[in-house]
Amino acid sequence: MIVIASEAKQSREVMIDSRRRKVERIAFFQPQICACGNGTSFRAKFAGTGKAWFIEMEKKIIFSPPDIGQAEIDEVVSVLKSGWITTGPKTKEFESEIAKYCGTRRAASLNSATACMELTLRLLGIGAGDEVITSAYTYTASASVICHVGATPVLVDTAEGTFEMDYAQLEKAITPKTKAVIPVDIAGIMCDYPRILAIVNEKKALFIPVNDIQKAIGRVCVIADAAHSFGAVHENVVSGKAADFTSFSFHAIKNLTTAEGGAVTWNEIDGIQSDDIYRQFMLLSLHGQSKDALAKEAAGSWEYDILLPGYKCNMTDIMAALGLAQYRRYGELLSRRHQIIALYQQGLKDLAVQVFAHKQSSFASSGHLYMTRLVGRDSAFRNEIIKKMAECGVPCNVHYKPLPLHTAYKKLGFDIKDFPNAYIMYQNELSLPLHTGLSDEDVAFIVHNLARALA
């Protein structure tokens, strides 16, 4: 940030972010920590002649810290003092709030969105010999869960100029082996689920069900990878309600965090009770044990059975307590994210940077990531910009390296040449910091430094 100090060496005031701030000590021609009247500080370098002295501020921006306040601390401390810290009453309360928010009858809380997606595949009986379609432009969790259950991942390219999967390619990719599709809500912008559901319904004649839930659905199941999109809305349908099953992430960098954690919601399925689906998720996530620790706590209720060889991926009450405090603040957290996005949209409009809509009449994202593209540039240029921004105290990131560029997926036979649109989107993608800890001045600082780096 370049600011000007008036009256040369005698000046004790500088203009910072269009505001006059007192500077208690100044050292010219040397980097110096300067204390401002508002209690903050910055490092400045002074240089110039006459009455115009230029000060270069150095700030330190964090890319995506959790927004933790006293409410979260109090909730977690309360659980620690309660003597019940694993899956218990707070987890059940958290599940109830998530279901209510999404408009579903039940929700199941687990230790990650990855676990939510994998257990959904297992609930559906998907395994060896089956195919599951997902996007080539995503994080590995969207596809690794397919491999975990022994099924075959089928990747489709993005549509030209977007981060969403190409729905025309999705339609062509469905075969009699296809059991599910996992669309990815990148950046918190929901996919076009009405269109996806129309596609799988049109292809229902190809569908061969293998268990009761698949038979009840009667077509390829749509499992939303909504790791980014809790709180998003598309055509008046909230994320969590748009797909057959929806998996959320509450990881430390997500809008709403439980440190680690996730939840899965589902729509009503004719002939299948939601309570039965919930019980299956609990069995799968707790070793297949017929009672959880809370149920066994009742007098004389120690005895249990192992109904299936399950997994261990439950949520704890410590995590749920953190999530409950975050949930109560979630409206204000979402609002602030959209304010920051609006500042970015305005600040970047005259730069050679492509931005993406996060709010229109038909949808609103959760504002999880602020993804941009450096128009007409390649990955080498993008990487140099990331270095220059880091030197200014602004961390940037790339979301995402397409799966066919990773060794694990190359070994599965995928080649990035078959996904040209995904590669084009990736090679100049640049994600700017977006979190509720950013001030308006921070956003201005980020935009200013990006303009300088691009120049």
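Data block above holds the structure.
Residues numbered from 1 in each chain as written. Predicted model: local features only at pLDDT ≥ 70, side-chain atom pairs only at ≥ 80, totals over all residues. Heavy atoms only, no water.

### Thoughts on the pattern of salt bridges
Okay, so step 1: Per the stated rule, a full pass over the model turns up 17 salt bridges.
Okay, so step 2: Residues joined by salt bridges that share partners form a network here, namely D67, E72, R329 and E332. (Salt bridge = Lys/Arg side-chain N within 4 Å of Asp/Glu carboxyl O.)

### Remarks on the sheet that holds strand β11 (residues 221–226)
Okay, so step 1: Spatially, β7-β15-β14-β11-β10-β8-β9 is the arrangement adopted by the 7 strands of the open sheet, whose pairing is mixed. Each having just a single partner strand, β7 (107–110) and β9 (152–156) make up the two edges of the open sheet. Put simply, the sheet's adjacent strands are angled 20° from each other on average, direction ignored.
Okay, so step 2: Bridging between strand β14 (residues 245–249) and strand β15 (residues 262–266) involves 5 bridges; their strand directions are antiparallel. (Pairing = 2+ DSSP bridges. Helix = DSSP H or I, 4+ residues; strand = E, 2+ residues; numbered from the N terminus. Axes fitted to C-alpha atoms, helices over the stretch in contact; angles between N-to-C directions.)

### Comments concerning helix α12 (residues 379–391)
Okay, so step 1: Between the first and last C-alpha of α12 there are 19 Å, a value that for 13 residues agrees with the 18 Å anticipated at 1.5 Å per step.
Okay, so step 2: Buried residues of α12: R382, I385, I386 and M389, and no others. Seen along its axis, α12 keeps its buried residues to an arc of 105°; they face one direction. Relative to its buried face, α12 has exposed residues pointing more than 90 degrees away, namely A380, K387 and E391.
Okay, so step 3: In this fold, the buried residues of α12 make contact with β19 (370–374), α14 (420–427), β20 (429–432) and α15 (440–454).
Okay, so step 4: Regarding α12, its N-cap is D378, as a side-chain oxygen of that residue lies 3.3 Å from the backbone nitrogen of A380 further along.
Okay, so step 5: Trailing α12 by a residue or two, G393 shows a phi angle of about 90°, which is positive. (Expected span 1.5 Å × (residues − 1). Buried < 20%, exposed > 50% of the residue type's maximum accessible area, 1.4 Å probe, protein only. Arc of directions from axis to C-beta. Contact = heavy atoms within 4.5 Å. Polar contact = N/O pair within 3.5 Å; in protein donor to acceptor, adjacent residues only side chain to side chain.)

Spatial relationships are all this shows, so hold off on functional conclusions.
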